[in-house]
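# Structural features, examined
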Amino acid sequence: MAATTASARVNNRRALEALRNGVPNGDAVDALGCSQPEVERVFNEMLARLSEEGDGVEGGQGMLVAGDFGSGKSHLLGYLENRALERNFVCSRVVISKETPLFDMDKVYRAVVEKGRVPGLTGQMVEEIAQKLDYDSPGYAQFFQWANREDNGLHRILPATLAVHENDNEPQLLNEINWFWSGERIQLKNVRDGLRHWGLHQAHPFRAPVYRDMPPQRLRFVLELIKAAGYCGWVVLLDEIELVANYSVLQRARSYAELARWMGQTPEEKYPGLVVVGTMTADLPEQVLDSKEDRDKAVPRLRARGREADLLTAARAESGMRFLERGVCHLAEPDEEMLLILYRQLRAIHSEAYGWDAPEIDHGVGRGVPASIRRYVRRWINEWDLRRLYPDTEPEIEDTELTFRYEEDTTLEKAHSEENGSSTDGE
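Residues numbered from 1 in each chain as written. Predicted model: local features only at pLDDT ≥ 70, side-chain atom pairs only at ≥ 80, totals over all residues. Heavy atoms only, no water.

## Considerations on the nonpolar core
- Formed by 83 residues in total, the largest nonpolar core has its most connected members in Met125, Trp181, Phe221, Trp234, Ile241 and Trp262.
- It is helix 11 (residues 214-228) that contributes the most residues to this core, 8 residues altogether. (Core = buried A, V, L, I, M, F, W, Y, C linked by side-chain atoms within 4.5 Å. Buried < 20%, exposed > 50% of the residue type's maximum accessible area, 1.4 Å probe, protein only. Helix = DSSP H or I, 4+ residues; strand = E, 2+ residues; numbered from the N terminus.)

See below:
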């Protein structure tokens, strides 16, 4: 066995630890690569359209990736994240969860900003991007002109804060503006004082914003900010979209509407420069659209409310449900050749990580018994661990396949309503 450097051993151990726990990290992604050529092809085509055509792509682009639990969806997103960063895209990878429900754009937007990574940099996303702005560049001039147009759909506080950010050098105020762009509130007096100090208050009048209306405007604004700083666009990766099955019917309806927004299916609301990939379980449409009868119940429940905003959300929800059925790329099922290649890769990684020659074991491939990739991986790693630590014993490993429960979670509904001081329908 060839000598392995200390840093390589550490990286391999980190990779094994992540794989052992079913949460692949960057080391695991680097070590194992990608075995989904069709998904990678579609993803590369979306990035290429932005890299080559730039603003010629009028709206966002999206793709859903479906696979069973343990099939490698999270690993795939990690791989796509690395590829996006290499191609000069800002990238955010977020897990849909109780803290980040898909139906709440404000929380999802804050999460994608918090998790955002800028190529070659390690700080807070918006702050790093803002520091990269060249105020004398044609890209910034184009961005500034767009931000100050009357027909761009932005609240006037956004171009006002941009004007202060360009002219002011007071760190506290600049930080406040960066965090405002990231999703926080801001002291309006501080913005007005900044404008007044530079003689810009008459050019940028504004009223207090309605903060529940701000998330889509912030998303569009920061997208243009990203491009003005010289990046190709923004890639957002949303993991575990199947959690929508745990929401109430109205929350699911709003989630379908938000899915349409993120996936570029809202013609009246465009996000040029945005690429979104979401992962979900393969049977999600069957479980929520069929079993829960959302085709017949979700949208009518919204329309019955009669408000203009609900009617718009209902139309978007229909688009989201159609995309949930038709915009899906299914992960390729692992065949024997793929599994044996993976087995050999992991055996080599385990050998290098612990400075031993990991033995051949009963890998279980080729028996015709269906199992997830995660199940194979964890079994192999656990057996090598036991054989290394207890060489005189013959390990016996039992495992259980976990499944997702497509049931409504009343605790999620209650928590959201209490936090927002509203009814439990996801408003």
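## Description of the sheet that holds strand 2 (residues 90-95)
- Taken in spatial order, the 6 strands make up an open sheet running 3-2-4-5-1-6, and their pairing is mixed. Every other strand in the sheet has two partners, leaving strand 3 (116-117) and strand 6 (328-330) as the edge strands with one partner each.
- Pairing of strand 1 (residues 61-66) with strand 5 (residues 274-280) involves 6 bridges; the strand directions are parallel. Bridge assignment links Met63 to a residue of strand 5, and that residue is Val277.
- On the sheet, helix 5 (residues 105-114) packs against strand 2, strand 3 and strand 4 (234-239) and is oriented at approximately 115 degrees with respect to strand 4. (Pairing = 2+ DSSP bridges. Contact = heavy atoms within 4.5 Å. Axes fitted to C-alpha atoms, helices over the stretch in contact; angles between N-to-C directions.)

## Some details on the packing of helix 1 (residues 6-20) against helix 17 (residues 373-389)
- At a closest axis distance of 9 Å, the pairing of helix 1 and helix 17 adopts a crossing angle of 125 degrees. By the angle between their directions, the pair helix 1 and helix 17 is classed as oblique. As for how helix 1 packs across helix 17, the hand of that crossing is left-handed. Residues Leu16, Leu19 and Arg20 of helix 1 lie in contact with helix 17, whose contacting residues are Val377, Arg378, Ile381, Asn382 and Asp385.
- Looking at side-chain class alone, the contact of helix 1 with helix 17 contains 4 nonpolar, 1 polar and 3 charged residues. (Parallel < 35°, antiparallel > 145°, perpendicular 65-115°, else oblique. Left-handed = near helix turned anticlockwise from the far one by under 90°. Nonpolar A, V, L, I, M, F, W, Y, C, P; charged D, E, K, R; others polar.)

## Regarding the pairing of strand 1
- Most of strand 1 is tucked away: 6 of the 6 residues are buried.
- Side-chain alternation along strand 1 places Gln61, Met63 and Val65 on one buried face and Gly62, Leu64 and Ala66 on a second face that is also buried.
- Pairing of strand 1 with strand 6, which is carried by 3 bridges, proceeds in the parallel orientation. The residue bridging Leu64 from the neighbouring strand is Val328, located in strand 6.

## Here we look at the pattern of salt bridges
- Tallied over the full model, the rule gives 30 salt bridges.
- Here Lys227 makes a salt bridge to Glu224, at a shortest N to O gap of 3.2 Å. Separated by 3 residues within a single helix, Lys227 and Glu224 lie in helix 11, roughly one turn from each other.
- Of the residues examined, Glu224 reaches a relative accessible area of 11% and is grouped as buried.
- Notably, a salt bridge pairs Glu269 with Arg316, separated by 2.8 Å at the nearest N-O pair. Of the two residues, Glu269 is situated in the loop between helix 12 (249-262) and strand 5 and Arg316 in helix 15 (residues 308-326); the sequence distance between them amounts to 47 residues.
- Glu269 gets classed as buried once you look at its relative accessible area, which sits at 19%.
- Taking relative accessible area as the criterion, Arg316 reaches 9% and is therefore assigned buried. (Salt bridge = Lys/Arg side-chain N within 4 Å of Asp/Glu carboxyl O.)

## Here's the deal with a nonpolar patch on the surface
- A surface patch of nonpolar side chains, about 290 Å² in accessible area, is lined by Leu386, Leu389 and Tyr390.
- Looking at the element boundaries, Tyr390 is found in the loop between helix 17 and helix 18 (410-420). (Patch = residues over 30% accessible without salt bridge, like charges linked within 9 Å, V, L, I, M, F, W, Y side chains within 5 Å. Areas by Shrake-Rupley, 256 points an atom, 1.4 Å probe, with all protein chains shown as cover.)

## Thoughts on helix 9 (residues 171-182)
- Across its 12 residues, helix 9 extends 16 Å between first and last C-alpha, which sits within 8% of the 16 Å expected from 1.5 Å per residue.
- Within the sequence span of helix 9, burial applies to Leu173, Leu174, Ile177, Asn178, Phe180, Trp181 and Ser182.
- Contact partners of the buried residues in helix 9: helix 5, helix 6 (125-131), helix 8 (157-167), helix 10 (188-197) and helix 11.
- Measuring from the backbone nitrogen of Gln172 back to the side-chain oxygen at the start of helix 9 gives 3.2 Å, which picks out Glu170 as the cap.
- Directly beyond the C-terminal end of helix 9, a positive phi value near 125 degrees is found at Gly183. (Expected span 1.5 Å × (residues − 1). Polar contact = N/O pair within 3.5 Å; in protein donor to acceptor, adjacent residues only side chain to side chain.)

## Remarks on helix 12
- Over its 14 residues, helix 12 runs 20 Å from end to end, which matches the ideal 20 Å to within 8%, given 1.5 Å per residue.
- Along helix 12, 14 of the 14 residues are buried, which leaves the element largely enclosed by surrounding structure.

## Description of the packing of aromatic side chains
- Per the counting criterion, the structure on display carries 10 aromatic pairs.
- With a centroid separation of 4.9 Å and an interplanar angle of 85 degrees, the aromatic rings of Phe103 and Tyr247 are classed as edge-to-face. Note that Phe103 is positioned in the loop between strand 2 and helix 5 and Tyr247 in the loop between strand 4 and helix 12, a separation of 144 residues in sequence. Considered together, Phe103 and Tyr247 belong to a single accessibility category, that of buried residues.
- Taking the centre distance of 6.3 Å and the plane angle of 20 degrees together, the rings of Phe143 and Trp146 count as stacked. Residue Phe143 and its partner Trp146 are both found in helix 7 (residues 138-147); the two are separated by 3 residues, about one turn of the helix.
- An aromatic cluster is present here, built from Tyr135, Tyr140, Phe143, Phe144, Trp146, Trp181 and Phe221 joined pairwise through their rings.
- Over the aromatic face of Tyr79 sits the side chain of Arg83, whose NZ or CZ is 4.5 Å from the ring centroid. (Phe/Tyr/Trp six-rings, centres within 6.5 Å; stacked < 30°, edge-to-face > 60°. Lys NZ or Arg CZ within 6 Å of the ring centre and 35° of its normal.)

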